[in-house]
Each structure stands twice: as structure tokens, then as C-alpha cells.
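Summary of the model geometry
These are the residues of each chain, in order.
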Amino acid sequence: MNPSTNVDLSPFNTLALPGRAARYQKITAPEQLSSAELVGEKRFILGGGSNLVLTGDFDGLLLHMAIPGKRLLKEDAEAWFIEAGAGENWHDFVQWTLSQGWPGLENLSLIPGTVGAAPIQNIGAYGLEVGECLQSVTAWDFDKNTFVSFGRDDCRFAYRDSLFKQQGWHLNGRIAITSVVFRLPKAWQPNIRYADLAQELAAHQIATPSARDIAAAIIAVRQRKLPDPVVTPNAGSFFHNPVVEATQAATLATDYPALPRYPQPDGRVKLAAGWLIEQAGWKGKALGPVGMYEKQALVLVNHGGATGADVKRTMAAVQAAVREKFGVDLTPEPIFL
Ligand code: FAD
Ligand code: EPU
């Protein structure tokens, strides 16, 4: 173990924000995490940097998770169990499972980042959340100085949330996820409830899609709507879709009948943050170098040369505009470092 010093982090975050790490270590094997040199220092665990706002320099040790590997762990009559290293690219991993004939993750195609980060915010898209397909998570616990394992129920998955986002877990660098096991049922059913996905398949006259048809449709929809971080730096949706009480949703719908509303199992109602931001006048609008994307108002983009402070300024302006017009608070989705 020989961490590098004063490392530029701008290539390692998809918002392309500037910042340097006092110490930086790439992790390519789980055993490296038990090295005595990594103990006791302020830490941050980095994957692909696609859900990250770098607010400046980091004065601790940054561990860049690059553990490779993917394999069929076992199969039984009902399911395939697939294990992948935390550093595997998420999209490549999903496409690999499909090419092996193991469907189930296709709705999560083209989400940037790594396998190890997927459980952190329980990544979700087009009617599926990763927690639904996850069997277990293995991680190094720096407090206990040992590897720990979490079953699906331990992970307490919810919308863009998990145990790992709670105080005391990964945010202070306590745990580094090293591998994840997925359970993909053999009794596969296409999941095409999401309107955009159904429309894309219908446009191609695909009535009974295969998992690969669904992946292709999702890739096409995402490429149309979302900016490619390589061309226009961004971190995907910048805010959660807010979940409000049914009474508040009903009052808002009286004033704004077009407001998209998604009833939740607990009786509350999820609203579309992109719609609220667009109606508040922020679609395609910028403050300095940071604005909201012209084709999807929920995506904050760096038009060039932005810093973390510029991101925070635009974020606050958008939150204030939505609060003023609708009385709804927007919570940012990315992690701030
Ligand atoms: P990072 O940004 O590196 O890290 C995110 C958080 O996870 C940090 O707190 C970090 O400390 C922690 N972390 C990362 N790896 C580990 C590990 N091995 N162990 C412990 N902690 C770790 N998200 C969705 O849910 N749905 C989408 O549809 C979606 N679309 C997107 C589209 C675009 C264009 C972009 C840029 C982002 C999108 N995202 C989406 C957000 C992002 O892709 C996910 O949050 C992804 O899981 C982040 O992975 P990462 O490896 O880049 O994590
Ligand atoms: N909308 C607008 N204007 C906009 C953007 C959206 O009116 O500028 C409306 C749409 O017309 C639609 C609704 O808002 O009625 C929802 O939009 P969309 O289907 O594009 O999805 P989203 O709610 O904006 C969420 C996730 C995405 C995920 C997609 C597909 C969150 C915070 N975002 O976006 O996840 O890919 O659904 O499932 O839940 C991410 O987390 O980074 C991310 C990209």
C-alpha cells in the first residue's frame, strides 16, 4: 500500500468539478482494505463518481473502488445467483448478465457507476429498483476491522435509500462494499409498466419483448433524454422526486391539474421534481456555469468550468423557486464531499 498524494479528482467525477485528494489509493482486491495503513484516517469511498458533488479539496484518504470480477455463484431450480466485484462497471455488468441468458436487470441498463455503489442509494429506473434483485452485500467494516455481510432485508432498501445512507455507515467511510450477489429468478416476466418504455417498444412494434429488447428500448429512451456526462457533465437526477402527504398532493392538483402524481403504498404521493422545476421556470436556465438541462429539468449540468460552489448556488436557487411556487422542498440526490 502506497497511497498517492495530492491527486486531481476532476477526472473521477461526472460533474467534472475540481478538487484534489490529500491521499489516494486504488483498491483492486478486498484484502487491501485490511491494510494497517488505511486505519484511523478520515476516508471517502469512491466508485465511478456519478452521484457526487465535489465541493473542494478532500484532506483525507480517498479509496477508489476498482475490485473486478463477475461469475455465476450458483443456481437452483428457481434462480441464478450472480456475484460481481464492487469495481465492475454497472452497465457492462448488466449487459453481460443478459448475454449469458440471465434476465432481470435489463430495466437498469445504462445507469452510470459501479456495482458497489448500486446498493448505496438503491438505484432505480423504469419500474425497477436494484434492491428487488439483490441477494447480499459484502463489505469491509473499518470500525469492526472485518468483512461483514448484509442480506437483502438488512439493507433496508427504500426509494433512493438504504441502510448504507444512514448516519454512521458509509458516509464517514466506515464501510467499503467489496462485492454484491444478485438473485435473478428463472421465471422471468417483462417489466414494461413505465409509460416511456411501453411507448418505445410500441413504436418498434414489439408486443412480446425479450430482456434484450427491453434493454435496447431503455438505452434508446435514456440516450434521448439524458445528457452524456462525457459531453455535458452531470450527475443524473439532481433531486429526489418528493413524496408528500396525500392532502398536499390533492391541494396542489387543484391548482395544477397537470401535475404528475404517483400514489405510494403508504398512502403518500410522489411528485415529479422535473415537472416542478420546469414549471418554476428552470428548464434550460442557468446561473453562471451551472444550469438545469434543457431536455430534462431534473438534471443539473456543468456548462464548463464550474466549481462545487457554483453547483450549490444553482441548487439553492432551484430549491427556492420550487418552494416559493409549490411549497415543496427538494432534497438533493448526490452525495456532497
Ligand atoms: P459514486 O458517485 O462514486 O458514489 C456514490 C456514493 O456511493 C458515495 O457516497 C460513495 O461514497 C458511495 N460508494 C460508492 N462505491 C462504494 C463502495 N464500493 N462501498 C461503499 N460506498 C460506496 N441513479 C439511479 O438510481 N437511477 C438512474 O436512472 C440514474 N441515472 C443516471 C444518469 C446519469 C447520466 C448519471 C450521471 C447518473 C445517474 N444516476 C442514476 C446516479 C448514479 O449513476 C448512481 O447513483 C450510481 O449508483 C453511482 O455509482 P458510482 O459508482 O458512480 O458512485
Ligand atoms: N417532467 C417534466 N419536465 C421535465 C422532466 C420531467 O415535466 O423537464 C415530467 C415528465 O413529463 C414525466 C415526469 O416528470 O411526467 C417524470 O419524468 P421522467 O420519466 O423523465 O423521470 P424522472 O422522475 O424525472 C426518474 C428517476 C431517474 C430515472 C427515471 C426513469 C428520480 C430522482 N429520478 O426521473 O433516475 O432514470 O425516473 O425511471 O427518481 C437518477 O436517479 O439519477 C435518475 C436519472
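To be clear, the structure that these remarks concern was listed above.
These figures come from a predicted structure and were not determined experimentally.

Conventions adopted
- Note on numbering: residues in each chain are counted from 1, in written sequence order.
- To read the labels, note that chains go from A and ligands from 1, taken in the order they are written.
- Local features in this predicted model are restricted to residues whose pLDDT is 70 or higher, and side-chain atom pairs enter the listing and the counts only when it is 80 or higher, whereas totals over whole chains, interfaces and linings include all residues.
- Excluded from the side-chain calculation are hydrogens and water; included are all heavy atoms of the structure.
- Salt bridges, as used here, are contacts in which a Lys or Arg side-chain nitrogen is within 4 Å of a carboxyl oxygen on Asp or Glu.
- Secondary structure follows DSSP: runs of H or I at least 4 residues long count as helices, runs of E at least 2 residues long count as strands, and numbering of each begins at the N terminus.
- Relative accessible area decides the class of each residue, using a 1.4 Å probe on protein chains only: under 20% of the type maximum gives buried, over 50% gives exposed, and in between gives partly exposed.
- Residues grouped as a nonpolar core are buried Ala, Val, Leu, Ile, Met, Phe, Trp, Tyr and Cys residues, joined through side-chain atoms within 4.5 Å.
- Domains are outlined according to an automatic or database domain assignment.
- Axis lines are fitted to C-alpha atoms, over the contacting stretch for helices. Their N-to-C directions set the angle, which ranges from 0 to 180 degrees.
- Each angle gets one of four labels, with under 35 degrees taken as roughly parallel, over 145 as roughly antiparallel, 65 to 115 as roughly perpendicular, and the rest as oblique.
- Each crossing gets its handedness from the near helix: less than a right angle anticlockwise from the far helix is left-handed, clockwise is right-handed.
- Two residues qualify as a contact provided that any one of their heavy atoms is within 4.5 Å of a heavy atom in the partner residue.
- A 3.5 Å cut-off defines polar contacts: any pair of N or O atoms within that distance qualifies, except that in protein one atom must be a possible hydrogen donor and the other a possible acceptor, and neighbouring residues in sequence count only when both atoms are side-chain atoms.
- Nearness of a residue to a molecule or strand requires only that one of the residue's heavy atoms be within 4 Å of it.
- In short, Shrake-Rupley with a 1.4 Å probe defines the accessible areas, and a residue's cover is counted only from the protein chains shown.
- Pairs of strands are assigned from DSSP output, requiring at least two bridges between the strands.
- Centre distance within 6.5 Å is the pairing criterion for rings of Phe, Tyr and Trp, where only the six-membered ring of Trp is used; planes under 30 degrees apart are then read as stacked, over 60 as edge-to-face, and the remainder as tilted.
- By definition, being over a ring means that NZ of Lys or CZ of Arg is both within 6 Å of the ring centre and within 35 degrees of the ring normal.

Note that side chains of opposite charge can pair when their charged atoms are close. Scanning the model with the defined rule gives 13 salt bridges in all. Here Arg 160 ties to Glu 333 by a salt bridge, and the two come within 3.2 Å at their closest N and O atoms. Of this pair, Arg 160 sits in the loop between strand S11 (146–151) and strand S12 (175–185) while Glu 333 sits in the loop between helix H6 (308–326) and strand S20 (335–336), placing them 173 residues apart in sequence. The pair formed by Arg 160 and Glu 333 is uniform in burial state, with each residue classed as buried.

Phe 44, Leu 62, Phe 239, Leu 271, Leu 276, Ile 277 and Val 322 are the most contacted members of the largest nonpolar core, which has 45 residues in total. Considering each element in turn, this core owes the most residues, six residues, to H6. Both domains that meet at this core, namely domain 1 (4–65) and domain 4 (234–330), each give it at least three residues. If you look at the next biggest cluster of nonpolar residues, it comprises 42 residues, including Ile 82, Ala 84, Trp 90 and Val 221.

Take the packing of helix H1 (residues 90–99) against helix H3 (residues 211–225) next. Interaxial distance between H1 and H3 falls to 10 Å at its minimum, and their mutual angle equals 155 degrees. Put simply, H1 runs roughly antiparallel to H3. Between H1 and H3 lies a crossing whose hand is left-handed. Each of His 91, Gln 95, Leu 98 and Ser 99 in H1 lies in contact with H3, whose residues at this interface are Ala 211, Arg 212, Ala 215 and Ile 219.

When you line up the elements, Arg 224 lands in helix H3. Overall, Arg 224 belongs to the partly exposed group, its relative accessible area being 48%. When the C-alpha atoms of Arg 224 and Gln 296 are compared, they prove to be 10.0 Å apart, with 72 residues separating the residues in sequence. Setting aside residues no more than four positions away along its own chain, Arg 224 makes contact with Glu 200 and Lys 295. A distance of 2.6 Å separates polar atoms of two side chains, one belonging to Arg 224 and the other to Glu 200.

A few words now on the site of ligand 1. Around ligand 1, the structure places 35 residues, and the nearest of them are Ile 45, Gly 48, Ser 50, Thr 114 and Arg 222. In this structure, an oxygen atom belonging to ligand 1 sits 2.6 Å away from a side-chain N or O atom of Ser 50. A distance of 3.5 Å separates a nitrogen atom of ligand 1 from a polar atom in the side chain of Arg 160. Protein contacts shield 96% of the accessible area of ligand 1, which totals 980 Å² for the unbound molecule. Elements with a minimum of two residues in the shell around ligand 1: strand S3 (43–46), strand S8 (124–125), S12 and strand S13 (234–237).

Attention shifts here to the sheet that holds strand S15 (residues 261–263). With respect to topology, three strands assemble into an open sheet ordered S14-S16-S15, the strand pairing being antiparallel. Two strands in the sheet have a free side with no partner beyond their single neighbour: strand S14 (243–244) and S15. Sheet topology note: the S14/strand S16 (residues 269–271) ladder contains two bridges and is antiparallel. Its bridge partner being in S16, Val 243 is matched across the sheet by Lys 270. Set on the sheet, helix H4 (residues 246–255) makes contact with S14, S15 and S16; between it and S16 the angle comes to about 45 degrees.

Moving on to the side chain of Arg 43. Within the secondary structure, Arg 43 is located in strand S3. Here the side chain of Arg 43 touches Leu 38 through a polar contact of 3.2 Å, landing on its backbone oxygen. Within the structure, the side chain of Arg 43 is placed 2.5 Å from the backbone oxygen of Gly 173, a separation counted as a polar contact. Setting aside chain neighbours within four positions, we find Arg 43 in contact with Leu 38, Phe 58, Leu 61, Leu 63, Phe 142, Asn 172, Gly 173 and Arg 174.

Applying the stated rule across the entire model yields 16 aromatic pairs. Relative to Phe 93, the ring of Trp 90 has its centre 5.9 Å away and its plane inclined at 55 degrees; by these criteria the two rings are tilted. Remark: Phe 93 and Trp 90 occur in helix H1; sequence separation between them is three residues, near one turn of the helix. Classification of Phe 93 by relative accessible area gives buried; the value is 0%. In this structure an aromatic cluster arises from ring pairing among Trp 90, Phe 93, Trp 96, Trp 102 and Phe 182. Over the face of the ring belonging to Phe 142 we find Arg 43, whose NZ or CZ atom lies 3.8 Å from the ring centre.

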